[in-house]
Structure formats: C-alpha cells, structure tokens
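# Summary of structural features
The primary structure of each chain is shown beneath.
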Amino acid sequence: MMGRARRSFKLRLSPAGLDVLIDSHCHLIRVTRSLIAWGTTLHVGIEHLSTLPTSEIIEQLKVHEPECLGGAEEHHVGASIRLWDIATSITERVQETWPGGRQPNLGNIYLLALIQIPKAGRSDLMSAFDRALQSGARTPAAGEVNDFAG
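Quick summary incoming for the structure in this document. (Residues numbered from 1 in each chain as written. Predicted model: local features only at pLDDT ≥ 70, side-chain atom pairs only at ≥ 80, totals over all residues. Heavy atoms only, no water.)

What follows concerns the overall build of the chain. Scanning the chain for helices and strands turns up 6 helices and 2 strands. The N-to-C order of helical and strand elements in the chain reads β-α-α-α-β-α-α-α. Its C-alpha atoms give the chain a radius of gyration of 16 Å, within 12% of the compact-globule value 15 Å for 150 residues. The principal-axis extent of the C-alpha atoms belonging to the chain is close to 60 × 35 × 30 Å. In the chain, which comprises 150 residues, the share counted as buried stands at 43%. Long-range pairs, those at least 24 residues apart, make up 85% of the contacts in the chain with a sequence separation of at least 6. When the accessible surface of the chain is split by element, carbon and sulfur atoms take 54% of a total near 8000 Å². Of note, the chain has its 15 positive side-chain charges centred 2 Å away from the centre of its 16 negative side-chain charges. (Helix = DSSP H or I, 4+ residues; strand = E, 2+ residues; numbered from the N terminus. Rg over C-alpha atoms; globule rule 2.2 N^0.38 Å. Buried < 20%, exposed > 50% of the residue type's maximum accessible area, 1.4 Å probe, protein only. Contact = heavy atoms within 4.5 Å. Areas by Shrake-Rupley, 256 points an atom, 1.4 Å probe, with all protein chains shown as cover. Lys, Arg positive; Asp, Glu negative; His and termini not counted. Charge placed at Lys NZ, Arg CZ, Asp CG, Glu CD.)

What follows is the structure, encoded as structure tokens:
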C-alpha cells in the first residue's frame, strides 16, 4: 500500500540534541498514552510544525538555532515517506517567505519540529498524531491477551 511506504531518517545529534529527541518522545508518549516508535515522534513533530504560520517557524528558527543541537552522533528512525514531503514543504515555505535569511536544511527542520512537541497543546499534538497515523506512521502496538502474562 502506497501510504505505508517507509524509509529511514538520519538524525545527526549532539548530546543536547539527543536529549531533545528523548524529551519530546517521552512527552508525546504521555500525551497520547501510547508506546510509539521514535520515527512516529519525528513525524508528529513535523505534522505539528507544518500547521504553524511560516512567520512563527522563521521566528523559532532564529530563537532556537537548531544547528546547535546537531552533532556527530547518527541516529536512524523509521517513518513514513510522507514525513520527507511535509518537511520539504516547510523548507520551501521558509525559503519563499525569508529570502534573505539563512535557509534551513531538513536536519534543522527535524530538530525544530522536535523542539516544538513539548510546547504544543495537547489537542494540537493529538491532531498531529492522528494525521501522522493517517499518512503512514506506525500505529502503536496493540497488546495480545498473552503478552507479558505469567
């Protein structure tokens, strides 16, 4: 099925960047009450970021300078190919609106999306989570009757 096409996304993170990923992932688990995949966290972050006005995204890029969270450690997360499409559309919006500004690469957009997760309201995150699931994010594993039974 085309909507379930997946790929691996490479995040190059500093120790502080890894902390942002971990914090965002744990926050999203608490909000959704679901054990979700790491790639789903990234996908939800991108879905949420795509709903923000471009001017706000540009302001957040100026404030956070996500490249400071980038580093040498490579971490791979699996997610729907749609994540790339959405992230690319965000960079295109920024380029059109901020022609004189420093253009973000996809890595910076991914990091900014992760930064936004703990700042987002619960209903906004749940909407982003639903959109991510509809566009191919991994659904949380459903427990079987005999799982973890003694």
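After that view, the rundown keeps rolling.
If you look at the biggest cluster of nonpolar residues, it comprises 40 residues, and the most contacted ones within it are Leu42, Ile46, Leu49, Ile57 and Tyr110. Elements represented by at least two residues in this core include exactly strand S1 (6–13), helix H1 (15–32), helix H2 (38–51), helix H3 (54–64), strand S2 (73–80), helix H4 (82–97), helix H5 (106–116) and helix H6 (122–134). No other element matches the 7 residues that H5 contributes to this core. Those residues in contact with Ile46 that lie beyond four places of it in its chain are Leu83, Ile86, Ala87, Ile90, Ile109, Tyr110 and Ala113. (Core = buried A, V, L, I, M, F, W, Y, C linked by side-chain atoms within 4.5 Å.)

This next bit is on the packing of aromatic side chains. Within this structure, the stated rule accounts for 1 aromatic pair. Where Phe9 meets Tyr110, the ring centres are 6.0 Å apart and the plane angle is 90°; that geometry is what we call edge-to-face. Linking Phe9 in strand S1 with Tyr110 in helix H5, this pair joins segments that are 101 residues apart in sequence. When sorted by exposure, Phe9 lands in the same class as Tyr110, which is buried. Arg7 extends its terminal NZ or CZ atom over the ring of Phe9, reaching a point 4.4 Å from the ring centre. (Phe/Tyr/Trp six-rings, centres within 6.5 Å; stacked < 30°, edge-to-face > 60°. Lys NZ or Arg CZ within 6 Å of the ring centre and 35° of its normal.)

Its location among the elements puts Arg131 in helix H6. Arg131 sits 83 residues away from His48 along the chain, and the two C-alpha atoms are 9.2 Å apart. Not counting chain neighbours up to four residues away, the residues in contact with Arg131 comprise Glu47, His48 and Thr51.

Just geometry here; none of it tells us what the structure is for.
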